[in-house]
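So the chains spell out like this:
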Amino acid sequence: MADNLPSEFDVIVIGTGLPESIIAAACSRSGQRVLHVDSRSYYGGNWASFSFSGILSWLKEHQENSDIVNEGPAWHEQILENEEAIALSRKDKTIQHVEVFCYASRDLHEEVEEAGALQKNHASLISENPTEAVHSAYLPSEDESLCTASCEMLTEQTPSSDLETALEINNVKVTGETEKHDDKTCMKSASEEETSKNVPTTKGTALQPKKTRITYSQIIKEGRRFNIDLVSKLLYSRGLLIDLLIKSNVSRYAEFKNITRILAFREGRVEQVPCSRADVFNNKQLTMVEKRMLMKFLTFCMEYEKHPEEYKAYEEITFSEYLKTQKLTPNLQYFVLHSIAMTSETASNTIDGLKATKNFLHCLGRYGNTPFLFPLYGQGELPQCFCRMCAVFGGIYCLRHSVQCLVVDKESRKCKAIIDQFGQRIISKHFLVEDSYFSENTCSHVQYRQISRSVLITDRSVLKTDSDQQISILTVPGEEPGTFAVRVIELCSSTMTCMKGTYLVHLTCTSSKTAREDLEPVVQKLFTPYPETETENEEVEKPRLLWALYFNMRDSSDVSRNSYNDLPSNVYVCSGPDSGLGNDNAVKQAETLFQLICPNEDFCPPPPNPEDIITDGDSLQSEASEASVILEANSETPKESASLGNPEEASQ
């Protein structure tokens, strides 16, 4: 039981985000006694993935701004005279400005529950106006009228197989009234929210055969088909996280899909960007001269360090200005800047742009025709994979288990213990705490950035092709100088993140305003609201929105440790997700902190093979090394893969 834990550990980790989970796995693998706790009812923190009913419960939690856990026994009485306490926060303040819009039509004469969901306790709320009843949490509409709703929600995470063998997955039921709060969750019908109309659209879209309309009831019923990520990222095929997954053999706990398309948005049209040599020469939008120009420049970028004379004179200017000196047409400059280097006109200098372009090209061909992989069932799988590894090597896990304070010895200024929600004092040598758990007193001098996020459910892809199973990444540049580009990742049903016949679309950018203000202009360019009624012979030019979520997330990735007030030297801070596309920041952070805790240990070495241990323990290291070499050789096959360890077995 969580209220009867051992009284002493080597490492206590608070929070189950990706950096914390990697560190917990590495420490457990090196023989440390690890306690890994999280006050939430799910793994991953802000790296988590939810089913549709799970995201509705998550929304309700932030709407009510309720405490994650109840007040435990008074801990002040346990603090001795030679000790002092650092109180931890019991509220998650990393998510703000949450807004939800439902555009799909609703069947009002049917009680709908998620297929396969556990029995739920029904809320006692009944809508006075049945036409306003929706299965979600919301705030008043624009005319400030407040309507009620049936809020029957069940927190669920990704249905990914066999985590229960190593960990205990906890589900929580949430019921209750929706109340009126400012800057919280809101739900409006499509008729209440008008979007921009006269905008350019993707050309070449023919009349589509009429298909069955998707209703909100269908989305609820198929809710377990959805795995909605709070943070939207991809894995570079030669990035630090892929290398770590292969090295530690954690990759056996997950499967991956190759991103199939790199897209660009230019002059109001969505176009596919040629990346590989085959893509370039098969592209019908580029002239032969442009194809040769592009191949020559990309070849130079792969070995630009060998030719410093080509770029030394341009080091101080932006990458955008440098591209104008390279005999590239405006079309090619746009592709390279926004879709290959994935930067903006002002964000990167020449060296940074060349590095980003080389990294993109270096990752091509390892697992497919693009540099990126996406984990099946969502990004939230990755923290759980490392938690599983930690548990295999003896780590102890407790969800819904909050820590009330850190106990600090006044004389040594070292943290010596925690006091949990049950009042139990647990001693440890090292403490890792996710940033969101620190109180306002500890973070009073910290300046945070924000990430603007949007999650959309749509009825078709932004760029229609013969296949409906495309996984795409699209960069939409900022409209005005100084504004941030918006990254769009579109996932199809084969990624196990949405129901068949729909797409899950993630939008991300660095915040300048609220998430809706930052991202809605891009949403209006690419999508149109789902109509209340279907008309005969309707010409559909853009994908139609079924459901939309906007929220701002705290970005603590660049916060210096010195910004926190009076942290003991053996208390280490893990940041939440950053706004970057890859996961390198989380891996670098985890390895740096691990080396501080275990300076002479290897970071996540391959696990021992039980058969080798029994038969010939002396040959374990050499055989593990040979297996690693074989795995690396196999991974060079340029083919879409579901398993990092064996790219030949493609996931179709």
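What you are looking at is a predicted structure, and each value in this text was computed from that prediction instead of being measured.

## Looking at helix α11 (residues 515-526)
The end-to-end C-alpha distance of α11, which contains twelve residues, comes to 17 Å, matching closely the 16 Å that a straight helix rising 1.5 Å per residue would cover. Inspection of α11 places A515, R516, D518, L519, E520, V522, V523, Q524, K525 and L526 among the buried residues, and these make up the whole buried set.

## Observations concerning the pattern of salt bridges
Should their charged atoms come close, side chains of opposite charge can pair. Throughout the structure, instances matching the rule amount to 23 salt bridges. The partner of E305 in a salt bridge is K358, with the nearest N and O atoms 2.9 Å apart. Taken together, the residues E305 in the loop between α6 (288-302) and α7 (319-324) and K358 in helix α9 (residues 350-363) connect sequence positions 53 residues apart. E305 gets classed as partly exposed once you look at its relative accessible area, which sits at 40%. The residue R516 makes a salt bridge to E520 at a minimum N-O spacing of 3.3 Å. In this pair, R516 and E520 are both assigned in helix α11, four residues apart and thus about one turn of the helix distant. Accessibility classification places R516 together with E520 in one group, the buried group. The network of salt bridges with shared partners includes D10, R33 and K429.

## A short note on unusual backbone geometry
Phi angles above zero are rare outside glycine, and Y377 is one such case at about 75°. Mapped onto the fold, Y377 is located in the loop between β14 (372-375) and α10 (381-392). For R400, which is not a glycine, the phi torsion comes out positive at approximately 55°. In this fold, R400 is placed in the loop between β15 (396-399) and β16 (403-409).

## A few points about the packing of helix α1 (residues 18-29) against helix α12 (residues 584-597)
Working note: a packed helix pair is described by the angle between its axes plus the distance between those axes. Viewed as axis vectors pointing N to C, α1 and α12 meet at an angle of 40°, and their least axial separation amounts to 9 Å. If you check the angle between α1 and α12, you find them oblique. Between α1 and α12 lies a crossing whose hand is right-handed. The segment α1 lies against α12, with L18, P19, I22, I23, A26 and C27 engaging A586, V587, Q589, A590, L593, F594 and I597. In the contact of α1 with α12, the residues fall into twelve nonpolar, one polar and no charged.

## As for the pairing of β16
By the criterion of burial, β16 is predominantly enclosed, with seven of the seven residues buried. With five bridges joining them, strand β4 (residues 83-87) and β16 adopt antiparallel strand pairing. Within β16, the residue paired with E84 across the bridge is V408. Bridge count between β16 and strand β17 (residues 415-420): five bridges; the pairing is antiparallel.

## Regarding the environment of Y397
Secondary-structure assignment places Y397 in strand β15. Separated by 384 residues in the primary sequence, Y397 and V13 have C-alpha atoms spaced 9.7 Å apart. Looking at Y397, its side chain comes within polar contact range of the side chain of H36, at 3.1 Å. Within the local environment of Y397, its side chain forms a polar contact with the backbone oxygen of C387, the two atoms lying 3.3 Å apart.

## Digging into the confidence of the model for the protein
Of all residues in the protein, 74% attain a pLDDT of 70 or more, and the chain-wide mean is 79. When mean pLDDT is compared element by element in the protein, strand β9 (residues 228-229) scores highest at 98, while strand β6 (residues 153-154) scores lowest at 33. In this model, residues 66-70 is a region of pLDDT below 50 whose contacts with residues beyond four sequence positions or in other chains number twelve contacts. Across residues 118-156, confidence stays below pLDDT 50; counting only partners more than four residues off in sequence or on other chains, it has 120 contacts.

## Quick notes on the sheet that holds β16
The sheet built from four strands is open, its strands ordered β4-β16-β17-β18 with antiparallel pairing. Both outer strands of the open sheet, β4 and β18 (425-427), are each paired with one neighbouring strand and no more. Neighbour to neighbour, the strand axes of the sheet diverge by 30° on average, direction disregarded. Relative to β18, β17 is paired through three bridges, and the arrangement is antiparallel. Considered in β18, the bridge of I419 is made with R425.

## Overview of the packing of aromatic side chains
Tallied over the full model, the rule gives 16 aromatic pairs. Between F50 and W58 the ring centres are 6.4 Å apart and the planes differ by 35°, which places this aromatic pair in the tilted class. Residue class for F50 comes out buried when judged on its relative accessible area of 0%. Judged by relative accessible area, W58 falls into the buried class, the value being 2%. Ring plane angle 50° and centroid distance 5.9 Å describe the contact between F52 and F226, whose orientation is recorded as tilted. Taken together, the residues span a long stretch of sequence, with F52 in helix α2 (residues 52-64) and F226 in the loop between α3 (216-221) and β9 at a distance of 174 residues. Comparing F52 with F226 shows no difference in burial state: the two are buried. In this structure, R388 is placed above the aromatic ring of Y253, and the distance from its NZ or CZ to the ring centre is 5.0 Å.

## Focus: the nonpolar core
Judged by nonpolar contacts, the single largest core of 99 residues is most densely connected at F52, I55, F297 and W547. Ranked by residue count, the leading element in this core is strand β25 (residues 544-555), at eight residues.

## A word on the sheet that holds strand β10 (residues 235-236)
Pairing within the open sheet is antiparallel, and its three strands lie in the order β10-β14-β11. Lying at the two open borders of the sheet, with one neighbouring strand each, are β10 and β11 (256-258). Relative to β14, β10 runs antiparallel, the two sharing two bridges. Bridging from a neighbouring strand, Y236 pairs with F372 of β14.

What counts, and where the lines are drawn
Residues numbered from 1 in each chain as written. Predicted model: local features only at pLDDT ≥ 70, side-chain atom pairs only at ≥ 80, totals over all residues. Heavy atoms only, no water. Helix = DSSP H or I, 4+ residues; strand = E, 2+ residues; numbered from the N terminus. Expected span 1.5 Å × (residues − 1). Buried < 20%, exposed > 50% of the residue type's maximum accessible area, 1.4 Å probe, protein only. Salt bridge = Lys/Arg side-chain N within 4 Å of Asp/Glu carboxyl O. Axes fitted to C-alpha atoms, helices over the stretch in contact; angles between N-to-C directions. Parallel < 35°, antiparallel > 145°, perpendicular 65-115°, else oblique. Left-handed = near helix turned anticlockwise from the far one by under 90°. Contact = heavy atoms within 4.5 Å. Nonpolar A, V, L, I, M, F, W, Y, C, P; charged D, E, K, R; others polar. Pairing = 2+ DSSP bridges. Polar contact = N/O pair within 3.5 Å; in protein donor to acceptor, adjacent residues only side chain to side chain. pLDDT = per-residue confidence, 0-100. Phe/Tyr/Trp six-rings, centres within 6.5 Å; stacked < 30°, edge-to-face > 60°. Lys NZ or Arg CZ within 6 Å of the ring centre and 35° of its normal. Core = buried A, V, L, I, M, F, W, Y, C linked by side-chain atoms within 4.5 Å.

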